[in-house]
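Structure at a glance
Single-letter residue listing:
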Amino acid sequence: MTIRPIVTVPNPVLRRKARPVTAFDKRLQILIDDMIETMRAAPGVGLAAPQVSVSERVIVVEYYESEEAEAAEDQTRKKVWVVINPEIVKASPETVMGVEGCLSIPNVVGEVERHQTVHLKGLSRRGQPLRLKATGWLARIFQHEIDHLNGVLFTDRATRVWLPESQAKQEDRV
Ligand code: NI
């Protein structure tokens, strides 16, 4: 596995609509493994392929496996999600504000309103259909990463952005 360079604004790849994946080949598997390693090295809790200059619909997320594990901050109960061609099929009308950062926008944080719960569908890294439901911070991460696939950055949605006095909490960066 290889740590790939993470591109930052204003690199145009971050503004492109990424194309759907159609081939579940060796090249895709290498991309996914590299994205997981790159996310961990950053460190971050999510990464979208355009952030490593690949304009394809691939996201990886590593976060607590459950809200219970999150509340306990139990580092041993984290899980990696890989979703290819992800789509939000249902979103709760309830929204929640939260402070986000992004690995592609260094040293900026912002307050963003996100759906409290989202239902996703997509494909596994082997091309099998998958569905998942995410709530809270995990739902926020998925919404942030799917935005990346559509060329949308959190600063487009933020009600206000600012330069934090100290570095944003590392686990906030996606
Ligand atoms: Ni991001």
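Here goes a summary of the coordinates provided. In this text the structure is predicted, and so the values were computed from the model without any measurement.

Further remarks concern the overall build of the protein. A tally of regular secondary structure across the protein gives four helices and eight strands. Reading the protein from its N terminus to its C terminus gives the helix and strand order α-β-β-α-β-β-β-β-β-α-α-β. By its C-alpha atoms, the protein is 45 × 35 × 30 Å across when sized along the principal axes. Each of the 174 residues in the protein was classed as buried or not, and the buried ones make up 49%. Long-range pairs, those at least 24 residues apart, make up 68% of the contacts in the protein between residues at least 6 apart in sequence. Approximately 8700 Å² of the protein is accessible, and the part contributed by carbon and sulfur atoms is 50%. One way to put it: in the protein the 24 positive side-chain charges average out to a point 7 Å from where the 23 negative ones average out.

Moving on, we come to the pattern of salt bridges. Applying the stated criterion across every chain yields a total of 13 salt bridges. Ionic pairing is found between R114 and E100, a salt bridge with its closest N-O pair at 2.8 Å. In this pair, R114 is assigned in strand β5 (residues 105-115) and E100 in strand β4 (residues 95-102), connecting sequence segments 14 residues apart. Here the two residues R114 and E100 agree in accessibility, since each one is buried. Among the ionic pairs, D147 bridges to R157, the shortest N-O distance being 2.6 Å. One end of the pair, D147, is in helix α3 (residues 137-149); the other, R157, is in helix α4 (residues 154-157), with 10 residues separating them in the sequence.

Each value, and the rule that gives it
- Residues numbered from 1 in each chain as written.
- Predicted model: local features only at pLDDT ≥ 70, side-chain atom pairs only at ≥ 80, totals over all residues.
- Heavy atoms only, no water.
- Helix = DSSP H or I, 4+ residues; strand = E, 2+ residues; numbered from the N terminus.
- Buried < 20%, exposed > 50% of the residue type's maximum accessible area, 1.4 Å probe, protein only.
- Contact = heavy atoms within 4.5 Å.
- Areas by Shrake-Rupley, 256 points an atom, 1.4 Å probe, with all protein chains shown as cover.
- Lys, Arg positive; Asp, Glu negative; His and termini not counted.
- Charge placed at Lys NZ, Arg CZ, Asp CG, Glu CD.
- Salt bridge = Lys/Arg side-chain N within 4 Å of Asp/Glu carboxyl O.

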